[in-house]
Amino acid sequence: MVYKYTFGKPFETESVIDEPAEINRINCQQQDQNLAFGNVSINQNLLQNCNSSIPSLELSDFAFKYNYRLGDDDLIFGLGETTRGINKRGFLFKSWCSDDPSHTEDKTSLYGAHNFLIVYTPAGKTNPNPKAFALFFDYPGLLQIDCGYTSKNALTVSAPSADINIYIIEENHSFVLNAICKTFRKMIGKSYLPPFWAFGYQQSRWSYYTADEVRNVLKNYQKAGIPLDAIYLDIDYMQGYRDFTIDEKKFPNFAYFVQELKDQGVHPVPIIDAGVKADPEYSVDREGIEKGYFCKKEDGSVFTAGVWPGKSHFPDFLNDEARAWFGDYYNFLTKKGIDGFWNDMNEPALFYSEDGIKKVFAELKESLDDTNLDINSFFGLRDKVARLANNPKDYASFYHTVKNAAGETQKISHDKVHNMYGYMMTRSAAEALQRNLPDKEILLFSRASMIGMHRYSGIWTGDNCAWWEHLRLSLRQMPGLNMCGFLYCGSDIGGFGCNTSRELLLRWLAFAMWTPLMRNHTAAGTRAQECYAFEQVEDFRQIISLRYRLIPHIYSEFVYARQENELLFKPLCFEYPEDKIALQTEDQLMFGRSIMIAPVVEPNVRGRFVYLPEAMQMVFFSSSACGLESGLPQITEMEKGVHFVECEPNQVFFFIKKGHSVPLAMPAPCTAKLNCNDLTYIGK
Ligand code: GLC
């Protein structure tokens, strides 16, 4: 059963596009409403003048509050791209797309806003069968999701405005968690399907500064015999960080260069940023201003804030016309042969606003002679500058012009719809690409996201670090992302910030060989992170070759998951709901219908403990002689229970469920050369 509770006048997000026919719609205008699971209270006093622009609102400041009493054994799943474990219990999350490159476990929000969560009660004394229900808060502004943090048995979801739709889903099924996800996924529409080549290995860096540098990367991959399908162009391919331009000095004859790479099976993938450089000489900016397509301040002037190019303007992606206008610019690159894009800085990231920086500089000037700073003045000074970036007050200072359901034009302040910005930027690209090139499959993924965007693109999980902890985090994020519709996902392999190590990169690859997006990416200033930059390059070749051998399987599981609204990555308890250890397993995942993975995520270990919820077949690739590159793996039947599996960084193992088999192709230098008809099946 699906219940939809509507409070006030919610903003239409188009996150849900297919409500079930038998949905139970309840229009609630009164406060203290009891819902199917939990209750809602509305604070009338705060409805009028609450200031939604402050993400650090106290719980008591919220106008809308949903409460549910958690049982001691309840687990919470979902929430997409968040920090911490697969089970979200015990922490407070904020749904607020954030440009924050420090993904430490104290962080309450990352780049995505994914307001879907499941409360799961395992079988116990009072309930012989497991129970679950899910909540989806269809709301585009700040939402605070307290999963038993303030009080251990209280799940409290609060919003600064009481204009919200809540969907509650319950299912009666022995695999209740899976059944609930399926229902939700059907409601939000089919996930994005990328082109086949996007399942190949991809190499990126901020930045490869010239065409020759890119050629060199390709040459080195070819020399090392490591398969490759894409090389990324970060912000430096543009003229002064202007979207839809090419620096012809560094990338002469761009269309020819694109063709040259594609002839060798490699797709160049340029970045597109949300902010458009403020520059009267630049046609995109000029046109945006003339047509009134940028976000505006209260007084009607164009909102200006700094990002990579300096002062920039922000397309009003929530406005249909502006969305179509910006999207059509992708043509500039597709005409040159480009067939993949990554959309970035679309939370949107604001280094400073024009108004904010003027104010801070004026204040700094005033205190210029005061060099004797005590604790308060020193930290005050520091914070003034630090708080220039992504400041909530700036997000509340500009507006979108949208049409409401009655077709009337309406102005809405950005902070009320903040989480839709990246979603709508990516939708702008996807709709235009579909309109202009209906027969072409194009790779598209984004940094900021909200549920709904999964229909248009994938995501990558942003600026992680070369930390073992972030390898673990990446594994834990995958199931939650899948629950929220995002199937084409991956993290920056090896880590974006900090210097990676050979061992970390190898172990990361051995996990990421399962993620649909398999891209190695790193920040400016870090050590070389291309696989050929490390000793014994054959180890890298073998692991990446194995990914290619598995692509037919990974792709068909992806297509199945998309078609059937299934998860590609599942927590173990989704498949073994009665198993107490599976419930607590945070470092193994089910992949597709037949595989369990247990990646090594610790440094300096020669293996790991693995929990088998039932007897399975262990598939072990020990070296080129035993499987990785072209041969067959060792297969060992293993009993249910805990086992220690030895595995060096240049080895790979996984498990196939009994009665299942998995196809392996022969390795190929790129997906275009992969022979999906010559398959050998392993397992039985
Ligand atoms: C952001 C992106 C990162 C990119 C960088 C430069 O930090 O998350 O992937 O390399 O910007 O464009």
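Residues numbered from 1 in each chain as written. Predicted model: local features only at pLDDT ≥ 70, side-chain atom pairs only at ≥ 80, totals over all residues. Heavy atoms only, no water.

(A) The overall build of the protein, seen in detail. When helices and strands are tallied, the protein shows 17 helices and 40 strands. Relative to a compact globule of 684 residues, whose C-alpha radius of gyration would be 26 Å, the protein shows 25 Å and is just as compact. Here the C-alpha coordinates of the protein stretch approximately 70 × 70 × 60 Å along the principal axes. Across the 684 residues in the protein, those meeting the buried criterion constitute 62%. The contacts of the protein with a sequence gap of at least 6 include a subset with a gap of at least 24, amounting to 74%. Just so you have it, the protein exposes about 25,800 Å², and 49% of that area is on carbon and sulfur atoms. Distance between charge centres in the protein, computed from 69 positive and 84 negative side chains, equals 2 Å. (Helix = DSSP H or I, 4+ residues; strand = E, 2+ residues; numbered from the N terminus. Rg over C-alpha atoms; globule rule 2.2 N^0.38 Å. Buried < 20%, exposed > 50% of the residue type's maximum accessible area, 1.4 Å probe, protein only. Contact = heavy atoms within 4.5 Å. Areas by Shrake-Rupley, 256 points an atom, 1.4 Å probe, with all protein chains shown as cover. Lys, Arg positive; Asp, Glu negative; His and termini not counted. Charge placed at Lys NZ, Arg CZ, Asp CG, Glu CD.)

(B) Representation of unusual backbone geometry. Ser207 follows Trp206 through a cis peptide bond whose omega is -5°. Summarising the element assignment, Ser207 is placed in the loop between strand 14 (201–203) and helix 3 (211–224). Cis geometry is found at the peptide bond from Glu347 to Pro348, where omega equals 0°. Examined against the element boundaries, Pro348 turns out to sit in the loop between strand 21 (340–344) and strand 22 (352–353). Of note, Cys498 is a non-glycine position whose phi angle comes to about 70°, a positive value. Relative to the helices and strands, Cys498 is located in the loop between strand 29 (492–493) and helix 14 (502–512).

(C) Seen up close, the sheet that holds strand 12 (residues 154–159). Pairing in this open sheet of six strands is antiparallel, and the strands run 3-4-5-12-11-7 from one edge to the other. Across the chains shown, the open sheet's two edge strands, defined by having one partner strand only, are strand 3 (33–34) and strand 7 (92–95). The pairing of strand 3 with strand 4 (residues 39–42) spans two bridges and is classified as antiparallel. Residue pairing across strands places Gln33 opposite Val40, the latter belonging to strand 4. (Pairing = 2+ DSSP bridges.)

(D) Spatial organisation of the site of the ligand. As a structural note, the neighbourhood of the ligand is formed by Trp206, Asp234, Ile235, Ile271, Trp308, Trp342, Asp344, Arg447, Trp460, Asp463, Phe496 and His521. The contact in question runs from an oxygen atom of the ligand to an N or O atom on the side chain of Asp234, over 2.5 Å. Within the side chain of Arg447, one N or O atom sits 2.9 Å away from an oxygen atom of the ligand. Here the ligand, which alone exposes 310 Å², has 98% of that area covered by the protein. (Near = heavy atom within 4 Å. Polar contact = N/O pair within 3.5 Å; in protein donor to acceptor, adjacent residues only side chain to side chain.)

(E) Structural view of the state of the cysteines. Following the criterion strictly, the structure yields zero disulfides and no others. The closest cysteine sulfur to the non-disulfide-bonded Cys676 is located on Cys670, 12 Å from its own sulfur. Residue class for Cys676 comes out partly exposed when judged on its relative accessible area of 31%. (Disulfide = S-S within 2.5 Å.)

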